[in-house]
Amino acid sequence: MLSLVVRRLGLLVPVLVGLSVLLFAWVRALPGDPARALLGERATPAGIAEVNRLYGFDQPWWQQYLTYVSRIARGDFGNSTRTGQPVLDTFLERFPATVELAVAALLVAVVVGIPLGYLAARRAGSWWDQLVVGGSLLGVVVPVFFLAFLLKWLFALELGWLPTAGRQDARIDATHVTNLYVLDGLLTREWDASWDAVVHLVLPALALGAIPLAIVVRITRASVLEVLTEDHVRTAEAKGLLRRTVSRRHVLRNAMLPVSTTLGLQAGALLAGAVLTETVFAFNGIGEYLFQAVNQLDYPVLQGFILVIAVVYALVNLVVDVSYGLLDPRVRTA
Amino acid sequence: MSATSAVVAEAAGSAPTSAARGRAVWERLRRDPGAWAGAVIVTAFVVVALAAPLIAPYEPARSQWIGQITPAHVPGPSADHLLGLDSFGSDLFTQLVHGARQSLVIGVVSTLLGLLAGSALGLLAGGIGGRVDTAVMRVVDVLLSVPALLLAVSVAAVVGRSALSVMVAIAAAQVPIFARLLRASLLAQRGRDYVVALRSLGLRQRRIVVGHMLPNALGPLLVQATLVLATAVIEVAALSYLGLGQADPAVAEWGRMLVKAQERLEAEPDLALWPGACIAVTALGFTLLGEALRQALDPRARR
């Protein structure tokens, strides 16, 4: 198990080196002059030269790259050209929001998707099955931000059941320990704050969770259908085990393997979807910040965020592979 | 069929010819209701896109009714304007019809770009193997390590805001997927009897790969390309929503229509419904077709 983790971490190195070169080159290829963008109407030749010197834009490219890499190694991703804040600080401050949103979306996908997919497989061919399969198809083809609009319009504007934007009511003065607002409320025993954060999470999580939900439903259904035809299930039924016991111990457990892999593969889609969902609901995560950075040509933020996101993405996939080993003993030795 | 492949077919215990296989796939497609539904939607979409100037009642993006617009009032649906006007005084139904054009062109071109670039990489990796394979796949790994939409955002940021940048952006995200698919598909062909037979006949590697393995390995690519068309239609709108799409306001585009509709979401929510539904239905058409194709090409795969 440990060797699996070490080997997978080793594979990450070339990817990171390649990515840092790509990101470095990419930022140089961007149109527009960052110094000019930063200074706006106040741009004078002297001012531009000063900004270029300050941010190191006037040095030869290879020197800029070496400086860049050695800084990254020390955890220094530079400062945002827009706000002057250290990129890593901003990332760490906002990342919990995105994590909270992604976890909530995955929760929607798993809690709703697995039972739906399971029931559809158990009643394969019935109208219920067809409804679930049809619905899951719909979940994949409706654009995330369009779904976000619809949810916002119906539940927030029209019915007024849920808030339209943000992570927490501005009037709540909650203490933030981890910046995971729901958890913060629980830790500090401010139940109202926690509940308010949950209420703010519902719509964004539904919008972001739609695609993973659809995929979980389909994979669960396909995988349960396959396991149901296997000999060990027939044997378990033949020896008179309760249907419930067969389902839980023999069918579901085996059928969960492909589902857990798929969930890991969704990490990237969730991060990308978060950019759209967070923008619609003004949810202060990394997605919304990234969107602003693109529009403002904030090079250090773009470079840093994409690199860190790639690392997170890779680590999530690593965790998924390890959990795969925990679920399926056969993988451990391989 | 060339003389060598005839010999090989015989040597390999004559696998069904490609013509026969094509017929079998066609038969399975014809019996699949999903394929029919997908084909109908896709055909309707293509017809609307091609015949947009004939279907739409007005010229696109002509702000000729700007006189009817006041800050407090934008005319809604009427007999003259089926879906009403936008805040610049142009006909929304016309924009919706012309939006199909933009989606079709960008979708097809970006899918082709992604398919070609990805196949080139996959062909290098799977056809040559060895060190080339390792090197190419490392590059693909790097591309895959960035979530697709972020990759698209990065490309759009470099190339600037135009239809071209949207195409390159969407294609770039598909390159690693096509590369991996073709490589895997080629590797699966490698040990097949006909390849061994061709090699024993003394054919050069390049001819075996390009002339024989490649045509046999194209199935999964065709399926993926159809599914990517669905993704492309959605991503065009997503990029446009993020402000990275087509910069020219005169070109009708579903994503931007959605953005504009958002500004009037409270007053006229149904404005968002039309472009959103168009995107979803078009994506549904390509998805149904792609899934049906997958099953027809590989009937054993269930999903």
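Everything numeric here is computed off the predicted structure, so don't read it as measured data.

Definitions and cut-offs
- Residues numbered from 1 in each chain as written.
- Chains lettered and ligands numbered in written order.
- Predicted model: local features only at pLDDT ≥ 70, side-chain atom pairs only at ≥ 80, totals over all residues.
- Helix = DSSP H or I, 4+ residues; strand = E, 2+ residues; numbered from the N terminus.
- Contact = placed C-beta atoms within 7 Å.
- Buried ≥ 20, exposed ≤ 12 C-beta atoms within 10 Å, placed from the backbone.
- UniProt positions renumbered as here; feature names shortened; annotations may be inferred.
- Expected span 1.5 Å × (residues − 1).
- Axes fitted to C-alpha atoms, helices over the stretch in contact; angles between N-to-C directions.
- Parallel < 35°, antiparallel > 145°, perpendicular 65-115°, else oblique.
- Left-handed = near helix turned anticlockwise from the far one by under 90°.
- Nonpolar A, V, L, I, M, F, W, Y, C, P; charged D, E, K, R; others polar.
- pLDDT = per-residue confidence, 0-100.

Caption draft 1: Region of interest: the overall build of chain A. In terms of regular secondary structure, chain A is built from 14 helices and 0 strands. Listed by position from the N terminus, the elements making up chain A come as α-α-α-α-α-α-α-α-α-α-α-α-α-α. For chain A, long-range pairs separated by at least 24 residues make up 71% of all intrachain contacts whose partners lie at least 6 apart in sequence.

Caption draft 2: Molecular detail of the overall build of chain B. Scanning chain B from N- to C-terminus turns up 13 helices and 0 strands. Counting from the amino terminus, helix and strand elements in chain B follow one another as α-α-α-α-α-α-α-α-α-α-α-α-α. Looking at chain B as a whole, 48% of its 303 residues qualify as buried. Excluding contacts between residues fewer than 6 apart, the proportion of contacts in chain B whose partners are at least 24 apart in sequence is 71%.

Caption draft 3: Up close: the UniProt feature "transmembrane region" (unreviewed entry) in chain B. In the numbering used here, UniProt assigns the "transmembrane region" (unreviewed entry) feature to residues 35-56, 104-127, 139-158, 164-182 and 272-293 of chain B. Helix makes up 100% of residues 104-127 of chain B and strand 0%. Its end C-alpha atoms lie 32 Å apart.

Caption draft 4: Region of the structure containing helix 3 (residues 33-50) of chain B. The terminal C-alpha atoms of helix 3 of chain B, which comprises 18 residues, lie 26 Å apart, in line with the 26 Å expected from a rise of 1.5 Å per residue. For helix 3 of chain B, the set of buried residues is Ala35, Gly38, Val42, Phe45, Val48 and Ala49 of chain B.

Caption draft 5: Molecular detail of the environment of Gly56 of chain A. Residues and elements named next belong to chain A. Summarising the element assignment, Gly56 is placed in the loop between helix 3 (45-55) and helix 4 (61-73). Taking the C-beta count within 10 Å as the criterion, Gly56 has 12 such neighbours and is therefore assigned exposed. Sequence spacing of Gly56 and Phe149 is 93 residues, and the spatial spacing of their C-alpha atoms is 42 Å. Setting aside residues up to four positions removed in sequence, Gly56 forms contacts with Gln64 and Thr67.

Caption draft 6: Broad picture of the packing of helix 9 (residues 193-200) of chain B against helix 10 (residues 205-217) of chain B. Residues and elements named next belong to chain B. The interhelical angle for the contact between helix 9 and helix 10, taken along N-to-C directions, is 150°, at an axis separation of 11 Å. The pairing of helix 9 with helix 10 is recorded here as roughly antiparallel in orientation. Remark: the crossing between helix 9 and helix 10 carries right-handed chirality. Together, Tyr194, Val195, Leu198 and Arg199 of helix 9 and Ile208, His212 and Met213 of helix 10 make up the contact between the two elements. A class-by-class count of the residues in the contact of helix 9 with helix 10 yields 5 nonpolar, 1 polar and 1 charged.

Caption draft 7: Fine view of the UniProt feature "transmembrane region" (unreviewed entry) in chain A. Residue and element names in this part refer to chain A. The sites that UniProt annotates as "transmembrane region" (unreviewed entry) are residues 101-119, 131-155, 197-217, 263-284 and 304-327. In this annotation, residues 101-119 is assigned 100% helix and 0% strand; the end-to-end C-alpha distance for the span is 27 Å. In the segment residues 131-155, helix accounts for 92% and strand for 0%; the C-alpha atoms at its two ends are 24 Å apart.

Caption draft 8: Representation of the environment of Val316 of chain A in the model. Residues and elements named next belong to chain A. Take Val316: it is sitting in helix 13 (residues 299-327). With 19 C-beta atoms packed within 10 Å, Val316 lands in the partly exposed category. For the pair Val316 and Gln266, spaced 50 residues apart in sequence, the C-alpha separation works out to 9.9 Å. With residues near it in sequence (within four places) discarded, Val316 still touches Gly264 and Ala267.

Caption draft 9: Region of interest: the confidence of the model for chain B. Residues and elements named next belong to chain B. Counting all residues, the mean pLDDT for chain B is 77, and 76% of those residues have values of 70 or more. Contacts from residues 6-15, a stretch scored under 50 in pLDDT, to residues over four places away or in other chains number 11 contacts. Two summary scores accompany this predicted model of the complex, namely pTM at 0.77 and ipTM at 0.72.

Caption draft 10: Focus on the packing of helix 6 (residues 127-141) of chain A against helix 9 (residues 191-228) of chain A. Residue and element names in this part refer to chain A. It is at 8 Å that the axes of helix 6 and helix 9 come closest, and there the two elements cross at 145°. Handedness of the helix 6/helix 9 crossing: left-handed. Contact residues: Val132, Ser136, Gly139 and Val140 in helix 6; Ala210, Ile211, Leu213, Ala214, Val217 and Arg218 in helix 9. Grouping the amino acids of the contact of helix 6 with helix 9 by side-chain chemistry returns 7 nonpolar, 2 polar and 1 charged.

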